[in-house]
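Chains, contacts and geometry: an overview
The residues making up each chain are set out below.
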Amino acid sequence: IVKFKFNISLAGWVASYETSLALGAGIMAILLSFFHGFKKVYLVISFSLFIFGSGYILTGITSIPFIICIWLFLSGSSLAMINTHGIGLFQKIVPDSMKGRFFALLTTVCFATIPLAYIVTGYVSKYVAPDLLFLINGIMICVMGGVLYNFSLHYSSDNSFDLL
């Protein structure tokens, strides 16, 4: 995708893209370690999904490497928000007797989807332009955020918890 989308030297900008994403996630994770969390966790996760998806959409629209680094930094930050609050929410709502099995299954599914995503994206990118893939993925992530937001408005009564 980097070769076809960005048409630039692989060494320099790929490292910058990865660093931007990781730096955003790392800084947000450190900030969240000093913070007790938000009261409306579904709202935080849905907003973070929207920011994450917007980063994909904006990456599909532009080819300016520095701007993409900024959007990847914001995407990494939102990814840390999603993961931190999601795990905290699961710890609250999953019964103690099921936590071991639930988190083992969650971890297995998460790690299994990484290579599957590479395979599917690589295959599809032979037929669909990378710009369009970024746009489609971003839109789907934003839709997921909207669905979660709608869920939080209609079905969630007590979704507050302490991260620490």
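**What about the packing of helix α3 (residues 41-61) against helix α6 (residues 130-154)?**
Closest axis-to-axis distance for the α3/α6 pair is 7 Å, and the angle between their directions is 165 degrees. With respect to their mutual orientation, α3 and α6 come out roughly antiparallel. Relative to α6, the crossing made by α3 is left-handed. Looking at side-chain class alone, the contact of α3 with α6 contains 18 nonpolar, 9 polar and 1 charged residues.

**Notes on the packing of aromatic side chains**
The relation between two aromatic rings is expressed through the spacing of the ring centres and the mutual angle of the planes. Per the stated rule, a full pass over the model turns up 6 aromatic pairs. Centre to centre, the rings of Y42 and F151 are 5.3 Å apart; their planes meet at 70 degrees, and the pair counts as edge-to-face. Of this pair, Y42 sits in helix α3 while F151 sits in helix α6, and the two are 109 residues apart along the sequence.

**Points about the nonpolar core**
As a rule of thumb, nonpolar side chains are buried together in soluble globular proteins. By size, the foremost hydrophobic cluster in this structure holds 9 residues: V41, Y42, I45, L49, F52, I82, L89, I141 and L148. Sequence-distant contacts of L148, defined by excluding residues within four places in its chain, comprise Y42, I45, S46 and L49.

**Here we look at the environment of A25**
Its location among the elements puts A25 in helix α2 (residues 10-33). Sequence spacing of A25 and F73 is 48 residues, and the spatial spacing of their C-alpha atoms is 7.5 Å. Apart from residues no more than four positions distant in its own chain, A25 is found in contact with G76, S77 and A80.

So, how was this worked out
Residues numbered from 1 in each chain as written. Predicted model: local features only at pLDDT ≥ 70, side-chain atom pairs only at ≥ 80, totals over all residues. Heavy atoms only, no water. Axes fitted to C-alpha atoms, helices over the stretch in contact; angles between N-to-C directions. Helix = DSSP H or I, 4+ residues; strand = E, 2+ residues; numbered from the N terminus. Parallel < 35°, antiparallel > 145°, perpendicular 65-115°, else oblique. Left-handed = near helix turned anticlockwise from the far one by under 90°. Nonpolar A, V, L, I, M, F, W, Y, C, P; charged D, E, K, R; others polar. Phe/Tyr/Trp six-rings, centres within 6.5 Å; stacked < 30°, edge-to-face > 60°. Core = buried A, V, L, I, M, F, W, Y, C linked by side-chain atoms within 4.5 Å. Buried < 20%, exposed > 50% of the residue type's maximum accessible area, 1.4 Å probe, protein only. Contact = heavy atoms within 4.5 Å.

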